[in-house]
Amino acid sequence: MSDFDIIVSGAGFGGLSAGAQLAKNGRKVLVLEQAERVGGCCSTYEQNGFRFDIGASIVEAPELLNRAFSRLGTTLEKEVDLIECDPIYTVILSDGSRMTIPKSLTGTEEAIRAIDPRDVEGWRRYATLMDNFRNTLNDFFTSPVVRFSDMAKIVKNSPAMLKYGSLFASSYQDVLNKYFKNDKVKESLAYQTFFIGLPPELAPGIFAVIPFQEHDGLYYVRGGMIGIPEALRRCGERAGMEVRLNAKVKKVLIRKKRAVGVELSDGTEISSNVVVSDINAKTLYLDLIGAEQLPWLARVGVKSYETAMAVPMLYLGVNYQPPLNSHHTLVTTPMEEMNDFWWSDYRTGGFTRRQFAIISWTSQSDPHLAPAGKHVLILTLPPSLRTCGRKSWDEAKPEMIEKYIDYYSKRCIPGLKDHIEVAELATPLDFERRLGTPDGAIYALRQDMMNETVFRPAAKSRSIAGLYLVGASTHPGGGVPTTIASGIVATDLIERYEGR
Ligand SMILES: Cc1cc2nc3c(=O)[nH]c(=O)nc-3n(C[C@H](O)[C@H](O)[C@H](O)COP(=O)(O)OP(=O)(O)OC[C@H]3O[C@@H](n4cnc5c(N)ncnc54)[C@H](O)[C@@H]3O)c2cc1C
């Protein structure tokens, strides 16, 4: 008799979503988290009276979140205080001009018209295509994709998907080039390619849906982004799920090719019928299980996965109202330069001449995140490797903080430099150390077409019985809504294959 029906390693979105649903289904669930709080990449901490989100700062596709909460017998609206951001962005283009993108599609059409009237027709055609396409996506994201036959099943149940085959076979850049002519318009729509961790020429065309889907609503969470993982935890605990913090899993215990529990870093062994892992799949298979437990082909496959990009994050507490006009400001660079950045500056590291960022002015939406009269700004900076040029990130940090503040003061936030009370930089190395994610990768593994769907590590392990994967490492990949969806996929697989 095992201690638990299910042990979940890691209290990120994938782990909490699966753990809470399985508890709601009557399973005895234990969630083990090595950190002192839940949420992983989507969490919030406090310093000198300012509350900072450590990673994710944008919530999109609330329908997917709602699917998870409705399985927990509640709704997203009841559990999480979401604040809608409208305008969804201000874009500061590389030539210094600004473009405000409202939630309304017709308002966006006018913003495009102001740049180039020729692209209004393209925007309309793009919006029509994506409007239909995005309706098929939520089912795709919550369906298991373990074998090729699963893909065939998805298409059979949703034949409309076939119409969008070209989006699967093309790149994000191809889609923008097909519908838009003006380089500034393309630049304003290209930044989101980094939301899936690749430059426009490498990102799959299906993700060109993002700049359209954002018009369904872009949200922030009152009190900070940790509000979503906390809500999943609360729902799970109501159903009997137990969460242990500061509990690091050292090994997944395997007997006769089946996962039978875990060993913690203090040597404690806990048994279970099923293990669910929210840990990076490479770390899971190579360190926590051991390559020797895998068939040779799986060993080669796991080793071949490349980690996704990482980003440094700059957390600023300031004692003035920043001269911005939206919760989210995208500081962009031309689409071709995003590709060039990927092949040159990104590989060499350091302070790159092509700077681009998301500026999240979170206290604009929720003033309680900062002391009265003060504000929180969080900058998601250009992707980086785990070293900073020739230096380690630990060595380079103080000089890089100064350079970033200086640059963004001059380019788009006048006065910033003179009003800083708190300035912290979380580097890829910090993310690796704090969250145990190799290279600090924000989406675990690379997300091009050859690492998606059946090519990504499977939600139901093909090598180890009783082992299930959730989170950014598995289908449907990294991001807030998608990792929550991965918990739906794993729950359904466990209910199908693991008897009581
Ligand atoms: C800087 C940054 C910015 C981002 N911005 C956005 C955004 O704006 N919008 C968006 O949608 N997505 C964003 N993302 C991506 C999104 O936050 C992640 O894809 C998602 O939160 C990952 O969820 P996950 O379930 O994979 O687990 P993770 O968040 O990776 O959590 C895994 C958990 O497992 C724990 N853990 C690791 N090893 C062990 C162990 N051995 N034992 C026990 N516990 C362990 C970790 O401490 C962690 O809590 C961002 C990510 C980062 C890092």
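Shown above is the structure to which this text applies.
Residues numbered from 1 in each chain as written. Predicted model: local features only at pLDDT ≥ 70, side-chain atom pairs only at ≥ 80, totals over all residues. Heavy atoms only, no water.

**A look at the side chain of threonine 491**
Piece 1. Among the structural elements, threonine 491 can be located in helix α19 (residues 480-497).
Piece 2. From its side chain, threonine 491 meets the backbone oxygen of glycine 487 in a polar contact 2.6 Å long.
Piece 3. Contact partners of threonine 491, with chain neighbours within four places excluded, come to Ala18, Gln21, Leu22, Asn25 and Arg71. (Helix = DSSP H or I, 4+ residues; strand = E, 2+ residues; numbered from the N terminus. Polar contact = N/O pair within 3.5 Å; in protein donor to acceptor, adjacent residues only side chain to side chain. Contact = heavy atoms within 4.5 Å.)

**A closer look at the sheet that holds strand β15 (residues 357-360)**
Strands pair in a sheet through their backbones, by hydrogen bonds, and they do so in one of two ways: parallel or antiparallel.
Piece 1. Spatially, β7-β6-β14-β15-β16-β13-β19 is the arrangement adopted by the seven strands of the open sheet, whose pairing is mixed. Taken across any chain shown, the strands that pair with only one partner, and hence form the sheet edges, are β7 (98-101) and β19 (420-426). When the angles between neighbouring strand axes are averaged without regard to direction, this sheet yields 15°.
Piece 2. For β15 and strand β16 (residues 375-380), the ladder comprises three bridges, and the chain directions are antiparallel. Bridging from a neighbouring strand, isoleucine 358 pairs with threonine 380 of β16.
Piece 3. Against the sheet, helix α17 (residues 393-411) contacts β6 (89-92), β13 (313-318), β14 (328-331), β15, β16 and β19, and its axis sits at roughly 125° relative to β19.
Piece 4. Contacts from helix α18 (residues 428-435) reach β13 and β19 within the one sheet, and its direction differs from that of β19 by about 70°. (Pairing = 2+ DSSP bridges. Axes fitted to C-alpha atoms, helices over the stretch in contact; angles between N-to-C directions.)

**Focus: the pattern of salt bridges**
Piece 1. According to the stated counting rule, one finds 39 salt bridges in the structure shown.
Piece 2. Among the salt bridges present, the one from aspartate 345 reaches arginine 354, with a minimum N-O distance of 2.8 Å.
Piece 3. Residue class for aspartate 345 comes out buried when judged on its relative accessible area of 9%.
Piece 4. With relative accessibility at 8%, the residue arginine 354 sits in the buried group.
Piece 5. Put simply, Glu109, Glu110, Arg113 and Arg124 are held in one network by salt bridges that share partners. (Salt bridge = Lys/Arg side-chain N within 4 Å of Asp/Glu carboxyl O. Buried < 20%, exposed > 50% of the residue type's maximum accessible area, 1.4 Å probe, protein only.)

**Some words on the state of the cysteines**
Piece 1. Throughout the structure, instances matching the rule amount to zero disulfides.
Piece 2. Distance from the sulfur of cysteine 41, which forms no disulfide, to the nearest cysteine sulfur (cysteine 42) is 8.4 Å.
Piece 3. Of all cysteine sulfurs, the one in cysteine 412 lies closest to cysteine 388, which takes part in no disulfide; the gap is 20 Å. (Disulfide = S-S within 2.5 Å.)

**Details of the side chain of threonine 427**
Piece 1. Position of threonine 427 among the secondary structure elements: in the loop between β19 and α18.
Piece 2. Accessibility expressed as a relative area gives 0% for threonine 427, which makes it buried.
Piece 3. In contact with threonine 427, other than residues within four places in its own chain, are Pro312, Trp393 and Lys397.

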